[in-house]
Amino acid sequence: MRRVQCNGARLSLRDVTEADVAALHAVYGDRTATQYMPFGPRTNEQVADLVQEALAAAEAEPRRLYMLAVVDTDHRDVIGVARLHIEADHPHSAEIGVGLRPDQWGRGMGTDLIRLLLAFGFKQLGLHRIWGARAPDNLPAQLAMLTAGMVEEGRIRHHVHTPDGWRDSIVHSALQDEWTDR
Ligand SMILES: CC(C)(COP(=O)(O)OP(=O)(O)OC[C@H]1O[C@@H](n2cnc3c(N)ncnc32)[C@H](O)[C@@H]1OP(=O)(O)O)[C@@H](O)C(=O)NCCC(=O)NCCS
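Here is what the cut-offs are and how they apply
- Residue positions are counted from 1 within each chain, in the order its sequence is given.
- Confidence filtering applies because this is a predicted model: local features only for residues at pLDDT of at least 70, side-chain atom pairs given and counted only at 80 or more, and all residues used for totals across whole chains, interfaces and linings.
- Hydrogens and waters are ignored; side-chain quantities use all the structure's heavy atoms.
- Cavities and pockets were defined on a 1 Å grid built over protein atoms only: a cavity is a set of grid points that admits a 1.4 Å probe from which the probe cannot escape, a pocket is an open set flanked by protein on both sides within 12 Å along at least five of seven lines, and lining residues are those with an atom within 4 Å of any such point.
- Grid points are joined across faces, edges and corners, and a volume is the space filled by probe spheres set on the points.
- Strands are runs of DSSP state E lasting at least 2 residues, helices are runs of H or I lasting at least 4, and numbering of each runs from the N terminus.
- If even one non-hydrogen atom of a residue comes within 4 Å of a molecule or strand, that residue is called near it.
- Polar contact criterion, stated in full: a pair of N or O atoms within 3.5 Å, where within protein one must be able to donate a hydrogen and the other to accept it, and residues adjacent in sequence count only if both atoms are side-chain atoms.
- Accessible surface is estimated by sampling points in the Shrake-Rupley manner with a 1.4 Å probe; for residues, cover comes only from the protein chains shown.
- To be counted as sitting in a cavity or pocket, a molecule needs more than half of its atoms within 2 Å of that site's grid points.

*Asks:* Describe the layout of surface pockets, listing the residues and the values that go with them.
*Replies:* Looking at the largest pocket, its volume works out to about 1200 Å³. Every residue lining the largest pocket is counted, 44 residues in all, and those nearest its centre are Met37, Gly97, Val98, Gly99 and Asn138. Those elements giving two or more residues to the lining of the largest pocket turn out to be strand S4 (77–86), strand S5 (93–100), helix H3 (109–124), strand S6 (129–134), helix H4 (139–147), strand S7 (151–162) and strand S8 (165–175). Take the lining of the largest pocket: its biggest share by element is six residues, from S5.

Here it is, written out as structure tokens:
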């Protein structure tokens, strides 16, 4: 398997390892960071299981799941997690999801992260379409995706089941040809 390494100005992306569990738990285990996710805060053990699943998925051929550590290049610190999942029936298309540690929010890192993930998907993986779904009231995610060039496509009703019940999603997408033109 080819290891992922994708470098931006302030952030880089690489495959997660077992050593990243605590850093990922700072996102997936945090009540604020998970408030718009379909699940509540995860335990350390649940995050460790997710990492094991990601390590197994990384060996699959063809590879469909990329669970990536988001590294602050200045501090060499893992500050978040990014996922890119290629659809089995539509291998030109992938869904992305991102999460940063709350102490990192509001400095443009989320927007940079989505830009980097789009560059990874289009340039390194050769994808044509990359999309993400957000909670309707997740304003930072909306602004970060719009600024990074992901247009709003519409609403999927009752897309996900959360601990609070059914939740709609707003879908954003970017297309390779539009993205190259930007
Ligand atoms: C979504 C997320 C990655 C954004 O990260 P971030 O580093 O705060 O994003 P940015 O600093 O690039 O900000 C993006 C935009 O949101 C705005 N913003 C950030 N926090 C905000 C807040 N609390 N209220 C209102 N606007 C906010 C910023 O001003 C910026 O807008 P601009 O482009 O008009 O200046 C981060 O909030 C996060 O990890 N959330 C938890 C997980 C999550 O919800 N993931 C998204 C699932 S699709």
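*Asks:* Tell me what's going on with the site of the ligand, and back it up with residues and numbers.
*Replies:* What surrounds the ligand is a group of 21 residues, the closest being Leu100, Gly108, Gly110, Thr111 and Asn138. Within the backbone of Val98, a nitrogen or oxygen atom sits 2.8 Å from a nitrogen atom of the ligand. Contact distances for the ligand include 2.7 Å between an oxygen atom and a backbone N or O atom of Leu100. Look at the ligand: alone it shows 940 Å² of surface, and the protein chains cover 71% of it. Judged by the proximity of its atoms to the pocket grid, the ligand belongs to the largest pocket. Where the shell around the ligand is concerned, the elements lending two or more residues are S5, H3, S6 and H4. With six residues, the top contributor of residues to the shell around the ligand is H4.

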